[in-house]
Amino acid sequence: MLVWSRPGRMLIWAVFALLFGVLFLAPLAVILLSSLAEQWNGVLPSGLTIEHYSNVVRGAAWNAVNASLITGFLASALALVSGTWAALALRVQDATLARVLGVLFFIPSAVPSVSVGLGLLVAFSHPPLLLNGTIAIVMVAHFVLISAFTFGNVSAGLARLSPDFEQVASSLGARPAYRLWHVTLPLLAPYLVAAFGLSFALSMGELGATVMVYPPGWVTLPVSIFSLTDRGDVFAGAALTMVLVAVTLVLLLGLERVAGRQTRS
Amino acid sequence: MSVPAFTGSNVMDVDAAKIRGAGSNVHFDKVSVAYGAHVVLHPLTLDIAPGEILAMIGPSGSGKTTALRAVAGFVRPASGRIRIGATDVTDLPPYERGLGMVVQNYALFPHMRVEDNVAFGLRAQGADKALIGERVKDSLATVGMSGFSKRYPRELSGGQQQRVAIARALAVRPRVLLLDEPLSALDAQIRRNMVEEIAKLHRDLPGLTILYVTHDQTEALTLADKIAIMRDGRVSSHGPTAELYRRPPNRFTAEFLGRANLLPVTVAEGAAGPKGLATAKLGDAVLAGVARGEKPGDKTLLCIRPQHLSLTGDEEHTNRIVGTLREVHWQGELTHLVLDVDGTPVRVSATRLPVSLPERGSAMPLFFTPGDTSLVPEDVRG
Amino acid sequence: MAEAAVLPASPALRRVPGRFWIVPPAALLALLFFYPLVLIVQQAFLDDSGMANVAEFARVLHARFFLNALLNTITISVAATAGCLIVGLVLGLILAFVPFPGSGVIARLIDTFIALPTFLVTLAFTFLYGSAGMLNAGLMEVFSLRAPPVDFLYSTWGVVLAEVTVYSPFVLRPLLAAFSLVDRGQIEAASVLGARPFRIVRQVILPAAVPALIAGGSLCLLLTVNEFGIVLFIGAKGVITLPLLIYSKAIQESAYQVACIIAVINIALSLGLFGLYRFAAGRMGM
Ligand SMILES: Nc1ncnc2c1ncn2[C@@H]1O[C@H](COP(=O)(O)OP(=O)(O)OP(=O)(O)O)[C@@H](O)[C@H]1O
Ligand SMILES: [Mg+2]
């Protein structure tokens, strides 16, 4: 406790409330409100409706939800496998190589997503590697962008894992595969779950690369929100954004619970 | 407590039975280990006899853990061979060495119940269900943890986790049990109990060879048949526990194993007295001590343990030195006195004190039996 | 790991298991990321006939649209990072040292902002500060104005404010971690000795926070340079950044070589900032 006087504390908390309210609370609240708005010309909407939401479960919007969920799931699953694989395999390399490769695995998170999309367009627009125009290119773009995060999360988990567990397992006669499956991966589970949740969330909100590569018929939520608001259909855009936020939060919180249970047991 | 039964049906078990009957020795043959250019184990040759408890002690960083991990297979020797029984295990991966290992913080698998922890090794080796069940029961019984099989490690105290870790290692019927500071995470009281428990465990499983790494000399003295004292990656001394304590071969050993007063003496003319004694001079005093082949005129150290110094003389305590009393520390059971003898601080542990102790700063005689002493050469290095 | 060989032992001993397991994920990443990256660089320096051509590169480098975008990108990034540092520091100090009931929950809530799409904030800002937004509508009603008085949203500052909102959690996170290591006893001792809060912040807390600020700040620089969604959603004519320029050249104008040239520069800038971040984070021990 740094500030002891009551008025002082009140003042500081007021500052906090203002900052938090303006920066974080107001945006969420206003999106929620506008997603329910009938018309909004004054300070407050002129009426409330759930029409924008009921539109979501029909037609294009619903396709976007689907596209985003499928893309997010597949890309995150692939990123989880490859990130975990890479993090585990890096441990047996010698130190310098491991450091260099570790940085290389992180680099996709450092370049602008638009250029990842551009690169995919440049590289995979001709046979034999023709991905342009397919759904796969969207998955690939998402995979590339989130792979660094899963790799980072799993590496962090591995770094925190005492080598004793695996060594004791080995000394008891567990072969590498058995040890991996029964000791290393279960102990990493909380990190794996967290990594999956985070990459899913990132994939759900990805815009830069998607907007470069998406084929017609595979419009993800962010792209669809953008085209809605670009057309001036802001309320529908807000409703779709709320759906995106809700799905993301449910996923994150749900996975967090799973991870929590994992660590407890 | 009975030795857990084993069935002879399993292949792995037949092997284990042979080993258990005869015990398995561990042999370091000029094993050296280096991290890059940094040599942490100089060519080490050492043998642990079947069924023996060897305690490896030494200061921090002296290479104890390294030696143990070389046996376990986690450190690859730069040169030399390691044999367990008749097998050269140097090139075997850890999981083919048939060892049990217990580490400092136990490393119980937190996501498994106690019984699954104990069953882990057998399951990993593909043993059959009935055998696993039986072994788990036996092993837990051996360490007195039968009632805890359904618990998770986090629901156990440190001492209990320790027992489970030992049970887990025993369940695979290891040829050798490797213990790396297994008690250092426990507090003093529990540690004393656990030392006794491990001693009892070894009485129950006399065929089990144990390599016990510790920096606690009490644990080593209590448990070990033999002790190897490590210093800077080398074995400074190695021998039967009592022998090493009574007749330390060098200063480092004398000081590391128990407390020692080391008086600088010069071996007198016409040494080699009766009963292997030599006479040596400390200033004007002529003392007798157990010799180690010294020649007259050699400068050496006379080692005498604090508890062997007496404040009163009789016909046995023929050695007599005089010192100046510096400090008196009363510790309940014992009283520690520190005297200054010719510039060397000399420590005395007395159970009984004379009715009147001289003032601090005044001279005081000390008596001891020649048979309790030994002449110890000064270390060549350091 | 200690399992690795420790000396160049005899060849028979060199049996490090699983060294080659790194190949599949590395190959996947090489194919899907580094190969396209190389092609971008190649395209930037080759003309349509496949000849090396630096002239186009030089032309773009001197073009007005590029220089404008570069300047915008840097201005926005620096301003937003400064904002993130200030906001993050203020929020962090309060959450860590003047906590209130529920501050833990609030901290977690701010943290989840990291996972939300960035354009959400922009969209919200149009409702809040847009020309027909709540703020303008309110002001016009109260002061009976004709035209919306608040008009910063469709400028650089709109983007900066949005980015501050989105990225200050990235400063807050390492800051809170650093603050949790500050010795409470030291602060209490200082306040018992009569030190004023500002003094304590300056002399005890800030020094402990510097590595976290540097790490968080360099991460913010990187992320704001790369930010796309916010700028796209605000859609102001005058506010074009490098990522947006890549998008519009490639998708709207189909000028792939120009897009690749800009991408090369943008990637170089990003990688430089990434290096800075790794360095800073490494020093913080993250
Ligand atoms: N992975 C490693 N890389 C480099 N040096 C190491 C490594 N592991 C141990 N060492 C070094 O090897 C030497 C011996 O270490 P070791 O762990 O065997 O000591 P120890 O006798 O067990 O000490 P302690 O009582 O502290 O456990 C030390 O100097 C240590 O710094
Ligand atoms: Mg050790």
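All values reported here derive from a predicted model rather than from experimental measurement.

Basis of the calculations
Residues numbered from 1 in each chain as written. Chains lettered and ligands numbered in written order. Predicted model: local features only at pLDDT ≥ 70, side-chain atom pairs only at ≥ 80, totals over all residues. Heavy atoms only, no water. Domains from an automatic or database assignment. Contact = heavy atoms within 4.5 Å. Buried area = accessible area lost by both parts, 1.4 Å probe. Salt bridge = Lys/Arg side-chain N within 4 Å of Asp/Glu carboxyl O. Polar contact = N/O pair within 3.5 Å; in protein donor to acceptor, adjacent residues only side chain to side chain. Nonpolar A, V, L, I, M, F, W, Y, C, P; charged D, E, K, R; others polar. Pairing = 2+ DSSP bridges. Helix = DSSP H or I, 4+ residues; strand = E, 2+ residues; numbered from the N terminus. Axes fitted to C-alpha atoms, helices over the stretch in contact; angles between N-to-C directions. Parallel < 35°, antiparallel > 145°, perpendicular 65-115°, else oblique. Left-handed = near helix turned anticlockwise from the far one by under 90°. 1 Å grid on protein atoms, 1.4 Å probe; cavity = no way out; pocket = protein on both sides within 12 Å on 5 of 7 lines; lining within 4 Å. Points joined across faces, edges and corners; volume = space filled by probe spheres on them.

1. Observations regarding the domain arrangement of chain A
Residue and element names in this part refer to chain A.
Logical step 1: Segmenting chain A into domains produces domain 1 (1-49) and domain 2 (58-264).
Logical step 2: On a C-alpha basis, the centroid separation for the pair domain 1 and domain 2 is 32 Å.
Logical step 3: Of the residues lining the interface, eight residues belong to domain 1; the matching set on domain 2 comes to five residues.
Logical step 4: Overall, the association of domain 1 and domain 2 removes approximately 550 Å² of surface from exposure, summing both partners, and the carbon and sulfur fraction of that is 83%.
Logical step 5: Looking only at domain 1, the three residues that lose the most surface to domain 2 are Ile-31, Ser-34 and Ser-35, adding up to 58% of its buried area.
Logical step 6: One can count zero salt bridges joining domain 1 with domain 2.
Logical step 7: In this assembly, domain 1 and domain 2 are joined by zero residue pairs in polar contact (both at pLDDT 80 or more).
Logical step 8: Broken down by class, the residue content of the side of domain 1 that touches domain 2 amounts to four nonpolar, three polar and one charged.

2. A closer look at the sheet that holds strand 3 (residues 53-57) of chain B
All names here are of chain B.
Logical step 1: Within the open sheet, the six strands sit side by side as 6-7-8-3-9-10. Their pairing is mixed. Of all the strands in the sheet, the pair left with one neighbour each is strand 6 (99-102) and strand 10 (234-240). If you compare each strand with its neighbour and ignore which way they point, the axes differ by 15 degrees on average.
Logical step 2: Each of strand 3, strand 6, strand 7 (176-180), strand 8 (209-213) and strand 9 (226-231) touches helix 2 (residues 64-72); the most contacted strand, strand 7, lies at about 150 degrees to it.

3. Quick word on the packing of helix 7 (residues 163-171) of chain A against helix 8 (residues 176-205) of chain A
Residue and element names in this part refer to chain A.
Logical step 1: Where helix 7 contacts helix 8, the axes come no closer than 10 Å and their chain directions differ by 165 degrees. Judged by the inter-axis angle, helix 7 sits roughly antiparallel to helix 8. Where helix 7 crosses over helix 8, the handedness of that crossing is right-handed. Across from Phe-165, Glu-166, Ala-169 and Ser-170 in helix 7, the residues of helix 8 making contact are Arg-179, Val-183, Thr-184 and Leu-187.
Logical step 2: Among the residues forming the contact of helix 7 with helix 8, the class breakdown is four nonpolar, two polar and two charged.

4. Things to note about empty space enclosed by the protein
Any space left empty among the atoms is revealed by the rolling of a water-sized probe across them.
Logical step 1: For the structure on display, the rule yields four cavities of 30 Å³ or more.
Logical step 2: Reported here for the largest cavity is a volume of approximately 90 Å³.
Logical step 3: In terms of lining, the largest cavity is formed by B:Thr142, B:Val143, B:Arg163, B:Ile166, B:Met194, B:Glu197, B:Ile198, B:Lys200, B:Leu201 and B:Asp204.
Logical step 4: Among the residues making up the lining of the largest cavity, the classes are represented as five nonpolar, one polar and four charged.
Logical step 5: Volume-wise, the second largest cavity comes out at about 50 Å³.
Logical step 6: A:Val111, A:Ser115, A:Val116, A:Gly119, C:Leu32, C:Phe33, C:Pro36, C:Leu37, C:Ile40 and C:Ile267 are the residues that line the second largest cavity.
Logical step 7: Counting only elements with at least two residues in the lining of the second largest cavity, the list comes to helix 5 (113-123) of chain A together with helix 1 (23-45) of chain C.
Logical step 8: Here the lining of the second largest cavity takes five residues from helix 1 of chain C, the largest share from any one element.

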